[in-house]
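Overview (structure and organization)
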Amino acid sequence: MSVRVVETVAEMAAARGEMRGVVGLVPTMGYLHEGHLSLVRRARAECDHVVVSIFVNPAQFGPGEDLERYPRDTERDLRLLEEAGVDVLFMPTVEEVYPPGFGDWVEVTGPLTERLEGAARPGHFRGVTTVVARLFRILRPHRAYFGQKDAQQLRVVRRMAQQEGLPVTIVPMPIIREPDGLAMSSRNVYLSAEERTAALVLSRAVREARRMVMEDGVTDADRVRDAVRSIVAGQPLVQLEYASVVDEETLAELDRIDGPALVLLAAKVGSTRLIDNVVVVPKGMAAPEGLRELA
Ligand code: AMP
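So, here is what we can say about the structure in this document.

Basis of the calculations
For every chain, the first residue of the written sequence is number 1, and numbering continues from 1 onward in sequence order. In keeping with the predicted nature of the model, local features appear solely for residues at pLDDT of at least 70, side-chain atom pairs appear and are counted solely at 80 or more, and the whole-chain, interface and lining totals rest on all residues. Only hydrogens and water are removed before side-chain values are computed, so all heavy atoms of the structure are retained for them. A run of H or I in DSSP becomes a helix once it reaches four residues, and a run of E becomes a strand once it reaches two; helices and strands are each numbered from the N terminus. Each radius of gyration is computed over the set of C-alpha atoms, and the globule rule expresses the reference value as 2.2 Å times the number of residues to the power 0.38. Exposed residues in this analysis have more than 50% of their type's maximum accessible area, buried residues have under 20%, and partly exposed residues fall in between, with area computed by a 1.4 Å probe over protein chains only. Note on definitions: a residue-residue contact is assigned when non-hydrogen atoms from the two residues lie within 4.5 Å. Only the protein chains shown count as cover for residues, and the accessible areas themselves come from Shrake-Rupley with a 1.4 Å probe. Positive residues here are Lys and Arg, negative ones are Asp and Glu, while His and the chain termini are left out of the count. Charged groups are reduced to one reference atom each: NZ for lysine, CZ for arginine, CG for aspartic acid, CD for glutamic acid. When two rings of Phe, Tyr or Trp (its six-membered ring) have centres within 6.5 Å they constitute a pair, described as stacked for plane angles under 30 degrees, edge-to-face for angles over 60, and tilted for the intermediate range. Note on method: axes are straight lines fitted to C-alpha atoms, helices fitted across the in-contact stretch only, with angles between N-to-C directions ranging 0 to 180 degrees. An angle counts as roughly parallel when it lies under 35 degrees, as roughly antiparallel when it exceeds 145, as roughly perpendicular when it falls between 65 and 115, and as oblique in every other case. Only Asp, Glu, Lys and Arg are considered charged, only Ala, Val, Leu, Ile, Met, Phe, Trp, Tyr, Cys and Pro nonpolar, and every remaining residue, Gly among them, polar. Put simply, a residue is near a molecule or strand once any heavy atom of it comes within 4 Å of that molecule or strand. Two N or O atoms count as a polar contact when they lie within 3.5 Å, although within protein this holds only if one can serve as hydrogen donor and the other as acceptor, and sequence-adjacent residues are included solely when both atoms are side-chain atoms. Strand pairing is assigned whenever DSSP detects at least two bridges linking the two strands. Crossovers are marked right-handed if the path from the first strand over the helix to the second runs clockwise, as seen with the strands pointing away from the viewer.

**Details of the overall build of the protein chain**
When you go through the protein chain residue by residue, the secondary structure sums to 12 helices and 9 strands. For a compact globule of 295 residues, the expected C-alpha radius of gyration is about 19 Å, and the protein chain comes in at 19 Å, within 12% of that figure. Expressed as lengths along the three principal axes of its C-alpha atoms, the size of the protein chain is roughly 55 × 40 × 40 Å. Scored against the burial criterion, the 295 residues of the protein chain give a buried share of 54%. Of the contacts formed within the protein chain by residues at least 6 apart in sequence, a portion of 73% connects residues at least 24 apart. For the protein chain, the exposed surface amounts to about 13,400 Å²; the carbon and sulfur share of it is 50%. Of the side-chain charges in the protein chain, 36 are positive and 43 negative, and the distance between the mean point of each set is 2 Å.

**A short note on the packing of aromatic side chains**
Counted under the stated rule, the structure contains 5 aromatic pairs. Both rings, one in Phe55 and one in Tyr98, keep their centres 6.2 Å apart while their planes meet at 45°; by these two values the pair is tilted. Remark: Tyr98 occurs in the loop between helix 4 (94-97) and helix 5 (111-114) and Phe55 occurs in the loop between strand 3 (49-54) and helix 3 (74-83); sequence separation between them is 43 residues. Comparing Phe55 with Tyr98, the two get one shared label, buried. Aromatic pair Tyr98 and Trp105: ring centres 5.8 Å apart, planes at 15°, arrangement stacked. Taking relative accessible area as the criterion, Tyr98 reaches 15% and is therefore assigned buried.

**Concerning the packing of helix 1 (residues 9-17) against helix 7 (residues 124-139)**
Taken N-terminus to C-terminus, the directions of helix 1 and helix 7 make an angle of 50°; their axes are 8 Å apart at the nearest point. By the angle between their axes, helix 1 is oblique relative to helix 7. Touching Val9, Met12, Ala13 and Arg16 of helix 1 are Arg134, Ile138 and Leu139, all from helix 7. Residue classes in the contact of helix 1 with helix 7 are distributed as 5 nonpolar, no polar and 2 charged.

**A closer look at the site of the ligand**
Surveying the vicinity of the ligand reveals 16 residues, the closest of which are Met29, His36, Asp150, Ile176 and Met184. Between the ligand and the protein, one listed contact pairs an oxygen atom with a backbone N or O atom of Met29 at 2.9 Å. Within the backbone of Met184, one N or O atom sits 2.9 Å away from a nitrogen atom of the ligand. A total of 480 Å² of accessible area belongs to the ligand in isolation, and the protein chains cover 93% of it. Of all elements in the fold, only strand 2 (23-28), helix 2 (34-46) and strand 5 (143-147) reach the threshold of two or more residues within the shell around the ligand. Broken down by class, the residue content of the shell around the ligand amounts to 8 nonpolar, 6 polar and 2 charged.

**So, the pairing of strand 6 (residues 169-173)**
As judged from the 5 bridges shared by strand 5 and strand 6, these two strands associate in the parallel manner. Across the sheet, Ala144 pairs through a bridge with Ile170, a residue of strand 6. Where the polypeptide runs from strand 5 across helix 8 (residues 151-163) and back to strand 6, its parallel neighbour, the crossover connection is right-handed.

Structure representation (structure tokens):
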């Protein structure tokens, strides 16, 4: 069976109307890699209909970010989705998603969106929640799959769905990494060979943070932040933006790690901005059910 490619909201809504059973949605910006495909495969295993969206959402890019040069390869994406057994590829234009006079902005306010990526990229989450809410309203998925790679986004989207009363289960999926540890990202293609090697310091830093907490039993969050900072500082091609140790659920900055937490970082490698994170639980504590798979 080939993938049905849908480019308009009207056609997508009509196609959705004909679907019976469980509908799964995997929202992406395309230029697909194994991280995306892991979400697609989980959706395929759990749902009767799998819809993947590819939309490079201008509203979530800030001025001076990489909107214009964001990598695209629709032919390859389509082939990968075909192999993965996806039913529908929804690939709307910007005008379809944001028609003239569009005003249906959806925003999650408060600490969850103000810090970390929200502080570094003003307006970013408003762009994300608006487009994801629009997709949820068009597709009415039962399940939607999001990667822990974008840990804050996952939590913001979950809050948005609650806030907007959208009856969708948000399924969190673990970070897929390259064999050498680098978290997969469409943006990795921007890296020169030298930067690609330098970028390894990011996964090395979060891995060391996890080791400190889970093997050495470190609970002082500042010690973990300092360790991350000093590992990244050892790599002159990488400029750290933030290194945070936060509560896994609220993303509030921690003094002491006494429950499930996230160690998050953002950094510039040359001109490419990358993020990474790990889930940690204090030494000896069992990770709660939903987190075990992410850790
Ligand atoms: P993007 O195309 O970058 O917007 O990502 C689309 C979805 O794929 C988001 O839910 C991401 O969190 C997820 N994703 C991206 N990279 C990875 C990865 N390395 N592992 C797991 N999920 C990922």
